[in-house]
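In case you want the letters, here they are:
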Amino acid sequence: MYIDRYEIVSYSRKWNNGKQNKKAEITNYCDNTYHGMDGKKFLQLLSDLDDAWHGHEGKDCVVHVSFEDLKERE
């Protein structure tokens, strides 16, 4: 399977005076709208980014997939 476009976002909640804020903030971001990649390479990218961004924090990974009609590239 080929992934045409992707966006990967990492969120976190900051701590203030011993309490965690309710509003999550974007801490890391990666996207690609020009060149896609093979699905297996995409899974490796996710794993590598998780290691680089989070180490062993234990974040949940949530995936949203959209299958769309083909679009012409400019």
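This text goes with the structure placed above it.
Residues numbered from 1 in each chain as written. Predicted model: local features only at pLDDT ≥ 70, side-chain atom pairs only at ≥ 80, totals over all residues. Heavy atoms only, no water.

Considerations on the overall build of the protein chain
- Of the regular secondary structure elements, the protein chain holds one helix and six strands.
- The globule rule puts the C-alpha radius of gyration for 74 residues at 11 Å, and the 15 Å found for the protein chain is more than 25% above it.
- In terms of principal-axis extent, the alpha carbons of the protein chain reach across some 50 × 20 × 20 Å.
- Looking at the protein chain as a whole, 15% of its 74 residues qualify as buried.
- In the protein chain, of all internal contacts separated by at least 6 residues, the share reaching a separation of at least 24 is 57%.
- Here the protein chain holds 11 positive side-chain charges and 14 negative ones, and the gap between their average locations is 9 Å. (Helix = DSSP H or I, 4+ residues; strand = E, 2+ residues; numbered from the N terminus. Rg over C-alpha atoms; globule rule 2.2 N^0.38 Å. Buried < 20%, exposed > 50% of the residue type's maximum accessible area, 1.4 Å probe, protein only. Contact = heavy atoms within 4.5 Å. Lys, Arg positive; Asp, Glu negative; His and termini not counted. Charge placed at Lys NZ, Arg CZ, Asp CG, Glu CD.)

Thoughts on the nonpolar core
- Listed in full, the seven residues of the largest apolar core are I3, Y6, I8, C30, M37, F42 and L49.
- At the level of secondary structure, the elements contributing two or more residues to this core comprise β2 (6–12) and α1 (39–54). (Core = buried A, V, L, I, M, F, W, Y, C linked by side-chain atoms within 4.5 Å.)

Some points on the environment of D31
- Residue position: D31 is located in strand β5 (residues 25–32).
- The partly exposed category is assigned to D31, whose relative accessible area is 39%.
- Sequence separation of D31 and Y6 is 25 residues, and the distance between their C-alpha atoms is 5.6 Å.
- Residue contacts for D31: discarding those within four places in its chain leaves Y6 and E7.
- For D31, the side chain forms a polar contact with the side chain of Y29, separated by 3.3 Å. (Polar contact = N/O pair within 3.5 Å; in protein donor to acceptor, adjacent residues only side chain to side chain.)

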